[in-house]
Amino acid sequence: MSHQLDDNSYSSANAIAVAGLNLALSFENASVERLEKRLSECIVPEVKQKILHHLDQTKKQQERLRERIRVLGTGMTPTSEKGRLAIPEPPHKLKMMIESSSSDKEREVWESLNDLIIERAEAIMYRGGIQALQLLKADKKTIKELEKCLKEEEAFGDWLEKNNPKVAKRLMTTQIEDKKQGKKKMRKTTQEEKEEEAVSAAAV
Ligand SMILES: [Fe+2]
């Protein structure tokens, strides 16, 4: 009887674990798509390099999750669906306003904040998942795999948290400098035009 109970609790723990793993996989599926998009748009070389590295890690995370789903779900097909990432959604009008008036550099700063939010949300998800699996006394190997994922999310999140402010400062300083240079150039051009006009007027 007690053996029966253990079996039942084990299989329900397994079912919850498989659901949780599929949920994590659905977020990683969405994450790969976003990281690829960021990779094509990012204008900061060192951030781009980190995104590329994390894209590679994320693909490996997908593989590890798929493998655990197949094992625990006894041959179940892992989900290929994409969950919705934890990106804050501003009110529509405000979003339009920001998108239409932002420069490339400003857009990079907005997106780098979203990168950080996503990584932190992923870490929270893995931490909660690990805790749940420990409480359910679920498969140890699965917990180990999730711990690996958690470490990678935390490492990238830490890097972003440390470097985002520096990168933003650099981008905004260059933008202000570029604007100043642009104004100077414009002023110079108008001055040169005036002088040229004066010369040609004198020649007439
Ligand atoms: Fe991640």
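Residues numbered from 1 in each chain as written. Predicted model: local features only at pLDDT ≥ 70, side-chain atom pairs only at ≥ 80, totals over all residues.

## Some points on the overall build of the protein chain
In terms of regular secondary structure, the protein chain is built from five helices and zero strands. If you list the helices and strands of the protein chain from N to C, you get α-α-α-α-α. Rg of the C-alpha trace for the protein chain: 26 Å, well past the compact-globule value of 17 Å for 204 residues, more than 25% over. Dimensions of the protein chain, computed from C-alpha atoms along their principal axes, come out at roughly 110 × 30 × 25 Å. Contacts spanning at least 24 positions in sequence make up 79% of the contacts within the protein chain whose residues lie at least 6 apart. (Helix = DSSP H or I, 4+ residues; strand = E, 2+ residues; numbered from the N terminus. Rg over C-alpha atoms; globule rule 2.2 N^0.38 Å. Contact = placed C-beta atoms within 7 Å.)

## Brief notes about the confidence of the model for the protein chain
Looking at the protein chain, pLDDT values average 91 and 94% of them are 70 or higher. Below pLDDT 50 for its whole length, residues 1–5 participates in zero contacts with residues either more than four positions away or in separate chains. (pLDDT = per-residue confidence, 0-100.)

## Topic: helix H4 (residues 104–135)
Since the α-helix turns once every 3.6 residues, residues separated by three or four places project in the same direction. Between its terminal C-alpha atoms H4 stretches 46 Å, which fits the 46 Å expected from 32 residues at 1.5 Å a residue. Two residues or fewer after H4 comes Lys 137, characterised by a positive phi angle close to 50°. (Expected span 1.5 Å × (residues − 1).)

## Structural notes on unusual backbone geometry
Although it is not a glycine, Thr 74 sits at a positive phi angle of roughly 35°. Positionally, Thr 74 belongs in the loop between helix H2 (45–72) and helix H3 (92–101). Phi at Lys 137 takes a positive value of approximately 50°, unusual for a residue other than glycine. Tracing the backbone through its elements, the reader meets Lys 137 in the loop between H4 and helix H5 (140–203). Judged by local crowding, Lys 137 falls into the exposed class, with 11 C-beta atoms found within 10 Å. (Buried ≥ 20, exposed ≤ 12 C-beta atoms within 10 Å, placed from the backbone.)

## Some remarks on the environment of Trp 110
Note that Trp 110 resides in helix H4. Along the backbone, Trp 110 and Ile 98 are twelve residues apart, and their C-alpha atoms lie at a distance of 9.6 Å.

## A few points about the nonpolar core
Judged by nonpolar contacts, the single largest core of 16 residues is most densely connected at Ala 17, Leu 21, Ala 24, Leu 25, Leu 65, Ile 69 and Tyr 126. Mapped onto this core, the elements with two or more residues apiece are helix H1 (2–41), H2, H4 and H5. For this core, the element with the most residues is H1, which contributes six residues. Every residue in contact with Ile 69, bar those within four places of it in the chain, is listed here: Val 18, Leu 21, Asn 22, Leu 25, Met 76 and Pro 78. (Core = buried A, V, L, I, M, F, W, Y, C linked by C-beta atoms within 7 Å.)

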